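# Chain and residue survey
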Amino acid sequence: MNDKNELPDELGQDDIDIEKILSEADRPHKDRVGEFRQMMGQAEKRRRRNRVLNILLIIFAAIFLVSGYFLLRYYMASRENKKLVSSLKEMIDTEDEPSDDPDSTPSTEKASPADPGTKATEKPSKHESQFTMVNDRLVLKKFKNLYEKNSDFIGWLSAEGTSIDYPVMYTPQNEEKYLRKNFDGDYALAGTLFLAADSDPVRPSTNLIIYGHNMKDGSMFSDLLKYKDQTFYEEHKYIRFDTIYGTGYYEIIAAFQGQILNVGEEGFRYYTFFNADNSEEFDDYVRNVTSLSSISAAASAEFGDELLTLSTCDNSGADQGKRFVVVAKKTGK
């Protein structure tokens, strides 16, 4: 028989089970703490993610608003520029428009400002009657109002079937004065077409070069790039550039992609050709532009012809100095 103070074997086993139960009873508490900590960690991650998303949302909203502002400003400026050009065009006195007959085209020699008063006291000829004296300079009557408004005005350029229909400025002492200015001299992103400083509209020089921006709204020289297409060229071969000294019709002989080259870099610099002292120089220029041309022009040019070159940025790489160029010769259309 067992001692009374001794526990039965079964009771000792039961005591061990109780300890295990007590030990396991503490585990749910530990799991709840772990779960709570995990939940807090996940919540913190969500808060961080939401903060990042909110910051990105604010940045994107700011970009959208700023972009919208500049886009609105761009198109408002474009509309204002179109209104200005339209008002300037209305200032051209079409009643004194010279005849389209090339035989009645005014002589630039008679209109030369080098001797502005020579014919003023004499009976005007048929050609001279198309001119008037403005600020001691003979100018075409039809441009009198524009020249009085701004004496930097040198002429009007247009190409039928395109949006090119603009005044041209000439400031040889500051060639790019109108790069970002409108006709009135106010800031304008589109600027105004301008004649290269080394061009001579009076004599005139062998080649007159006009620069203009290629605007995304289709204004200024944007339509110049349409001359990459042969069919477009064939339907729009002619350009008109009337200066304050006389009228001018030009037939396109080439359209090509040019390149502004760095100092010392080899290549064809179309933008440095203004005068040809001999036929070799002239023929070399014409040979270069026609060999680069993306169109097959019906006309060519020979020594003694007067040339007109129009230059703008090419969409394929304006920042890398790529330009699109159209060259035409003066003709009696």
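The rules we used
Residues numbered from 1 in each chain as written. Predicted model: local features only at pLDDT ≥ 70, side-chain atom pairs only at ≥ 80, totals over all residues. Heavy atoms only, no water. Pairing = 2+ DSSP bridges. Helix = DSSP H or I, 4+ residues; strand = E, 2+ residues; numbered from the N terminus. Axes fitted to C-alpha atoms, helices over the stretch in contact; angles between N-to-C directions. Contact = heavy atoms within 4.5 Å. Expected span 1.5 Å × (residues − 1). Buried < 20%, exposed > 50% of the residue type's maximum accessible area, 1.4 Å probe, protein only. Arc of directions from axis to C-beta. Phe/Tyr/Trp six-rings, centres within 6.5 Å; stacked < 30°, edge-to-face > 60°. Core = buried A, V, L, I, M, F, W, Y, C linked by side-chain atoms within 4.5 Å. pLDDT = per-residue confidence, 0-100.

## Structural notes on the sheet that holds strand E6 (residues 207-211)
What the eight strands build is a closed barrel, ordered E3-E4-E5-E6-E9-E10-E8-E7; its pairing is mixed. Along the sheet, successive strands turn relative to each other by an average axial angle of 30 degrees, direction set aside. Relative to strand E10 (residues 322-331), strand E9 (residues 307-313) is paired through seven bridges, and the arrangement is antiparallel. From the neighbouring strand, leucine 310 faces E10, where its bridge partner is valine 326. Its contacts with the sheet place helix H5 (residues 279-292) against E6, strand E8 (249-259), E9 and E10, and it is angled at close to 70 degrees to E8.

## Focus on H5
Given 3.6 residues per helical turn, the α-helix brings residues three or four places apart onto the same face. For H5, with 14 residues, the first-to-last C-alpha span of 20 Å sits near the 20 Å given by 1.5 Å per residue. Of all the positions in H5, only Phe282, Tyr285, Val286 and Val289 are classed as buried. Buried residues along H5 cover an arc of 95 degrees about the axis, so they all sit on one side. Across from the buried face of H5, at angles greater than 90 degrees, the exposed residues are Glu280 and Ser291. Buried residues along H5 sit against E6, E8, E9 and E10.

## Digging into the packing of aromatic side chains
Evaluation of the coordinates by the stated rule reveals ten aromatic pairs. Consider the rings of phenylalanine 268 and tyrosine 285, whose centres lie 5.8 Å apart with planes at 50 degrees: the pair is tilted. Pair noted here: phenylalanine 268 is in the loop between E8 and H5 and tyrosine 285 is in helix H5, with a separation of 17 residues, a long-range link. Tyrosine 285 gets classed as buried once you look at its relative accessible area, which sits at 2%.

## A word on the nonpolar core
Ranked by size, the top nonpolar core spans 50 residues in total, and within it Leu157, Ile210, Tyr227, Ile239, Phe241 and Leu308 carry the most contacts. What phenylalanine 241 contacts, discounting residues up to four positions off in sequence, is Ile154, Gly155, Trp156, Leu157, Val168, Leu208, Ile210, Gly246, Thr247, Gly248, Tyr250 and Leu308. Of all hydrophobic cores here, the second largest spans 22 residues; its members include Ala196, Tyr211, Phe256 and Val289.

## Let's talk about the confidence of the model for the protein
The predicted model of the protein averages 83 in pLDDT, with 78% of residues at 70 or higher. In the model, residues 100-110 has pLDDT below 50 throughout and makes 30 contacts with residues more than four positions away in sequence or in other chains. The low-confidence segment residues 112-126 (pLDDT under 50) makes 15 contacts with residues lying over four places distant or belonging to another chain.

## Topic: the pairing of E6
The buried count for E6 comes to five of five residues, which makes it a mostly enclosed element. Of the strand pairs in this sheet, strand E5 (residues 193-195) and E6 are connected by two bridges, and their pairing is antiparallel. Each bridged residue has a counterpart across the sheet, and for leucine 195 the counterpart in E6 is isoleucine 210.

## Side note on unusual backbone geometry
Here the residue pair arginine 203 and proline 204 is connected by a cis peptide bond, since its omega of -15 degrees sits within 30 degrees of zero. Positive phi is not limited to glycine here, since aspartate 136 has a value of about 65 degrees. Among the structural elements, aspartate 136 can be located in the loop between strand E1 (131-134) and strand E2 (137-140). Classification of aspartate 136 as exposed rests on a relative accessible area of 62%. Here methionine 220, not a glycine, exhibits a phi torsion of approximately 55 degrees, which is positive. A relative accessible area of 2% means that methionine 220 is categorised as buried.

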